[in-house]
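Coordinates in review
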Amino acid sequence: MEVPILKQGDFLIATFQAALTDEDLLQLQDALVARVGRFRSRGVIVDVTALDVMDSFAARTLRALAHMVRLRGAETVIVGIQPEVAFAMVQLGLSLEGVPTALDLEEGLAQLMKAAERKGATFRGR
Amino acid sequence: MDDEIRVSIASDADIVIARQQGRALAEKLGFSATDQTIIATAISEVARNIIKFAKHGEIIVEVIAKSSIRGIRVTARDQGPGIADIQLALQDGYTTGNGLGMGLPGCKRLMDELEIKSAKGKGTTVTMKKWA
C-alpha cells in the first residue's frame, strides 16, 4: 500500500494508513527525499494518526527519513502519534530522538511555518 | 473468530497480518486499547526477528487462562540459526544486526512474561504472555 504524498504550498504531507509494511515505509522514505528536491519543499509532515503500531523498524525508518530530508535542506515534523502508540514506544524503549513531533496536522504546519520564517530571517539578516 | 490464530511468517507483509490478527484477538478478549497496541507491537517485533534471523517461521496467538484471569499467549517459532547466548539477547542495547537492540528486552517490558527457548542451529521459540 503506497503512502499518498500531498503537496501543499512549500510543504509535503504524507499520511500513513494503518497497515504499512517495511517495504511501504522504505518506499515512502525514498519518495519523500526525492520530492523535497523536485518541489523545492521547505518542510515535510508525516501524519501517523492512523498507524496501528510504531515498532523499532518504523521508528528507525522515520528517524532516517527526517535526517535525509534535513540533509536536503528541509525540516520534518511527525504528527499524530496516538496515546497508546506513545505508551508502547516508551515501554519498548524507542525514541524519535531529534525529530520534531506535534500533536496534529495543524500544529505541525504551524511549527514548519515558524521554522521556515526563522530560516528566511537568518538569510535576510546577512 | 477462533480463540487461536496461526500466521505463517515469510515476508514483511506477514508481520502486518500477524499483528493485526493478534490485535483483533486481544480486542475480542476485552483488552484495553493500550494493551491491544502493546500486544500488536510485541508481535511486530518478534515477527520481524523471524524474518531477520530465520527467514521464515510461525506466529501463534492463543487465549489462555489462569484461575479466573484470562490472557493472551504469543508464540514465535522458527527453525533458524538460534540464539547462542539468551541472557545476552535479553540485554538492552545488545544487537547482532543493524537494529537498536531493543527488540527482545523491549518485548519483555511490553508483556507480562517472556521466555526464550533456543539452541544454536536448532531454531528459536519466544513465548510471551499478557494477562487481562
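Each remark here, short or long, concerns the structure printed above.
Residues numbered from 1 in each chain as written. Chains lettered and ligands numbered in written order. Predicted model: local features only at pLDDT ≥ 70, side-chain atom pairs only at ≥ 80, totals over all residues.

**With respect to the overall build of chain A**
On a plain count of helices and strands, chain A comes out with four helices and five strands. Over its C-alpha atoms chain A spans a radius of gyration of 14 Å, differing by no more than 12% from the 14 Å that the globule rule assigns to 126 residues. The principal-axis extent of the C-alpha atoms belonging to chain A is close to 45 × 25 × 25 Å. Intrachain contacts of chain A at a sequence separation of at least 6 include 75% that bridge at least 24 residues. (Helix = DSSP H or I, 4+ residues; strand = E, 2+ residues; numbered from the N terminus. Rg over C-alpha atoms; globule rule 2.2 N^0.38 Å. Contact = placed C-beta atoms within 7 Å.)

**Some details on helix α3 (residues 83–92) of chain A**
Every buried residue belonging to α3 of chain A is among V85, A88, M89 and L92 of chain A, and all of these are buried. Buried positions in α3 of chain A, seen along its axis, are confined to an arc of 105° and lie on one side of it. Among the exposed residues of α3 of chain A, those oriented more than 90 degrees off its buried face are P83 and V90 of chain A. On its buried side, α3 of chain A packs onto α2 (56–71) of chain A together with α2 (33–54) and α4 (103–110) of chain B. (Buried ≥ 20, exposed ≤ 12 C-beta atoms within 10 Å, placed from the backbone. Arc of directions from axis to C-beta.)

**Describing the sheet that holds strand β3 (residues 69–78) of chain B**
All names here are of chain B. Ordered in space as β1-β2-β3-β5-β4, the five strands form an open sheet in which the pairing is antiparallel. A single partner strand is all that each edge strand has here, and the edge strands are β1 (4–9) and β4 (113–118). Between one strand axis and the next, the sheet turns through 15° on average, direction left out of account. In terms of strand pairing, β3 meets strand β5 (residues 124–131) through eight bridges, oriented antiparallel. From the neighbouring strand, T75 faces β5, where its bridge partner is T127. Strands β1, β2 (57–66) and β3 of the sheet are contacted by helix α1 (residues 12–28), whose axis makes an angle of about 170° with β1. With respect to the sheet, α2 is in contact with β1, β2, β3 and β5, its orientation differing from that of β3 by roughly 15°. (Pairing = 2+ DSSP bridges. Axes fitted to C-alpha atoms, helices over the stretch in contact; angles between N-to-C directions.)

**So, the interface of chain A and chain B**
Each partner contributes to the interface: chain A provides 18 residues, whereas chain B provides 23 residues. Mapped by element, the contributors of at least two residues to the side of chain A that touches chain B are α1 (22–38), α2 and α3 of chain A. The greatest single-element share of the side of chain A that touches chain B, amounting to six residues, is contributed by α3 of chain A.

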